[in-house]
Amino acid sequence: MKASSANLLTVIKGPKQFVIPIYQRTYSWQISQCNKLLNDILKVSADPTLPGHFIGSVVYFQESIHTVSDVPRLLVIDGQQRITTVSLLIAALADFMKKHESSLDTNFSKLQNYYLLNPEEDGDLKYKLLLTKRDKETFINIVNGIQPEGDYSLRVVENFEFFKEKINSENVSDIYNGILRLFVVDVALEKDKDNPQLIFESMNSTGLDLSQADLIRNYVLMGQDIKVQTKLYEKYWYPMERGYGNDYASTFNSFMRDYLSVKTGMIPQIDRVYEQFKIYVRDSKDPDVIAGVVQDIEKFSRYYVNIVLHKEPDQDLQRGFRALSKLKVDVSYPFLLPVYNDFCDGLISKSEFLEIVSLIESYVFRRAICGIPTNSLNKTFVTLYKAIVKENYVESLQAAFQGMESYKRFPSDIEFRKEIALKDVYNFRPRNYLLNNLENYGRKELVNIDACTIEHVMPQNPDLSTDWQIMLGDTWKEVQQSYLHTLGNLTLTGYNSELSDRSFQRKKVIEGGFNDSPLRLNRYMKSVDVWTEEQIIQRAEELAGKAIEIWKFPNLTDEVMNRYIGNEEKGSADYDLDSYEFLKGDKLELYFALRKRVMNVDSSVKEEFKKLYIAFKSVTNFVDIVPQKSRLRLSLNIEFDKIHDPLNLCKDVTNLGRWGNGDVEVGLQSLDDLDNVMDLVQQAFDAQFENV
């Protein structure tokens, strides 16, 4: 490697060509960045005491820094945005000087032949800077004075026009003199001696310049022979970028994270995707290995685009994917991607794939209605594919869902029916999704609910009219408070302003009212003459029954479930409270008091009797209790240095042999200590969710 501080125009001048590799990002500087550069140029020009203005580094790769060639081609690794912007400014300056007289010691031809062209060459070699894709043709047209037309690079043209507008007779000399005082770090890398990828990574270590996906693209292409680069990029990578369109920058990083989750079974941190990718390919630069990986990435990327960006050509599947998008089930993608691959490989039919998508939709929606925390869903889905038995694809997945317990559970019909009838649906994020499905389930002619608004049958106004107060009875305030935003009291209408706070009888008979409505959601209101607590409850029950049909529970028989459930670890079925020698008398009463408090920590907590201790778990064991002669010994599953223990009740048992899980031990001898011990237990419970 040869690095030195150099004048930028000196670096550019002379027979040479800076080539932007095909895998590099297209030109992306905006007007604001161009304006800042121009202001810096004018500032350094106005102050002769300044030695110059440093604009960063230019790192390029050539066959050998000692090779003598008429026009050496230099592959730019870093600095393409700066070189391109300064070249556009020089082109704008040359355009001005071509049209105006000037006293400067340069002219149009010199600017062109020194800094934009290799005048003795033909074809592509004629140009000192060769960009990629649309940028290339647009920039060449600008250098040649040709007005870009058709599918040109908007960013290149906009910035060139910006510079043209800024240059005038008063500042042209200052701009030129300022450009002469631009400096860079000129870094020339040598083939077979320098590692361009290593240098590139170190220069982008902050992660501010390039996305994780950009780093991955550069990694797989940079170290390859130029022919291999071209093949991999044009056949696989560029089609991927085009598939994402304008969503590439925002979506491709997420895809790569999900792709690695599929392939490794682990979820990388979003800012560590590039590092995990290198581990996945084991830092290989072997062309065959890289080609296979890139081909696989491109295949899964097509699935991802179809699912996430709704480009699925099959309309039935697209409707299913759109439903998942409305529920914002991004965490399901690491599961859906391999299932989509199996569908494309013919392992499952379209109807089976639709059933799986519907199963995911029901699982996520039921959990949302029942208020089950979502912070573990990503791990649930990333491991779910392992549960599939290919010979009984859908049934094995249904069994996996039905067998989930605690915080992973698929809410039963009983739990779902109860919660959906009582839930504050009006302030529920997917409320439109809920009402849309209740209205359109089973319809062939779908109702566009986007043209409707949500209507409270019993009005929201806290000062209900006399008619409403009389209808609801003496407890009208309590009824309104309890049922206002629940499912039984909500419907859809296109006449919200007309219905407003009117009495129920007027809402029925007014033009556009319930009796006149074609919506199924309004059928119940047609059939009743009053609207009281009884009607709200009845309608909620009716809609809850319909919801159970729409968002189905697997409901496999015990016989079927037994085929998929392996032998459980020896536990609760083999031991009970009588199994522990010292759990008697006062100690048993103390245990019951502790047990009640621990079980109330969260609805997901389960008690399991082991041979030598009693475990309480949610995501995992968070406290284990060993009954001893003089006390209950608690093992808390939390790192010792993370426990907040102002009373010094805890003992560090890290790496010591103890029954139970965790690094923290605490004893409970009497009810007087229960509050203090429960504070520590709560910390252990909370800690298990930190990495979920």
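Presented here is an overview of the structure given in this document.

The rules we used
- Residues numbered from 1 in each chain as written.
- Predicted model: local features only at pLDDT ≥ 70, side-chain atom pairs only at ≥ 80, totals over all residues.
- Heavy atoms only, no water.
- Phe/Tyr/Trp six-rings, centres within 6.5 Å; stacked < 30°, edge-to-face > 60°.
- Helix = DSSP H or I, 4+ residues; strand = E, 2+ residues; numbered from the N terminus.
- Buried < 20%, exposed > 50% of the residue type's maximum accessible area, 1.4 Å probe, protein only.
- 1 Å grid on protein atoms, 1.4 Å probe; cavity = no way out; pocket = protein on both sides within 12 Å on 5 of 7 lines; lining within 4 Å.
- Points joined across faces, edges and corners; volume = space filled by probe spheres on them.
- Nonpolar A, V, L, I, M, F, W, Y, C, P; charged D, E, K, R; others polar.
- Axes fitted to C-alpha atoms, helices over the stretch in contact; angles between N-to-C directions.
- Parallel < 35°, antiparallel > 145°, perpendicular 65-115°, else oblique.
- Left-handed = near helix turned anticlockwise from the far one by under 90°.
- Contact = heavy atoms within 4.5 Å.

1. Digging into the packing of aromatic side chains
And step 1. On inspection of all chains with the given rule, the structure shows 41 aromatic pairs.
And step 2. Between tyrosine 340 and phenylalanine 343 the ring centres are 6.2 Å apart and the planes differ by 75°, which places this aromatic pair in the edge-to-face class. Of the two residues, tyrosine 340 and phenylalanine 343 are both situated in helix α15 (residues 333-344); the distance of three residues between them amounts to about one turn of the helix.
And step 3. Their ring planes at 80° and their centres at 5.2 Å tell us that phenylalanine 622 and phenylalanine 685 sit as a pair that is edge-to-face. Within this pair, whereas phenylalanine 622 is found in strand β11 (residues 621-627), its partner phenylalanine 685 is found in helix α29 (residues 674-687), the two being separated by 63 residues in sequence. Like phenylalanine 622, the residue phenylalanine 685 is buried in the burial classification.

2. Observations regarding empty space enclosed by the protein
And step 1. Inspection of every chain in the model, using the stated rule, returns two cavities of 30 Å³ or more.
And step 2. The volume enclosed by the largest cavity comes to roughly 40 Å³.
And step 3. Counted by class, the lining of the largest cavity contains seven nonpolar, one polar and one charged residues.
And step 4. Quantified by volume, the second largest cavity comes out at close to 30 Å³.
And step 5. Lining the second largest cavity are Leu9, Ile90, Leu93, Leu111, Tyr115, Tyr176 and Ile179.
And step 6. Within the residue set of the lining of the second largest cavity, elements represented by two or more residues are α3 (80-99), α4 (108-115) and α7 (172-180).
And step 7. Across the lining of the second largest cavity, the residue classes break down as seven nonpolar, no polar and no charged.

3. Re the packing of α3 against helix α6 (residues 154-166)
And step 1. Between α3 and α6, the shortest axis-to-axis distance is 9 Å and the interhelical angle comes to 50°. Between α3 and α6, the crossing angle belongs to the class labelled oblique. Crossing geometry of α3 relative to α6 is assigned as right-handed. Along the contact surface, α3 presents Thr85, Leu88, Leu89, Ala91, Ala92 and Asp95, while α6 presents Val156, Asn159, Phe160, Phe163 and Lys164.

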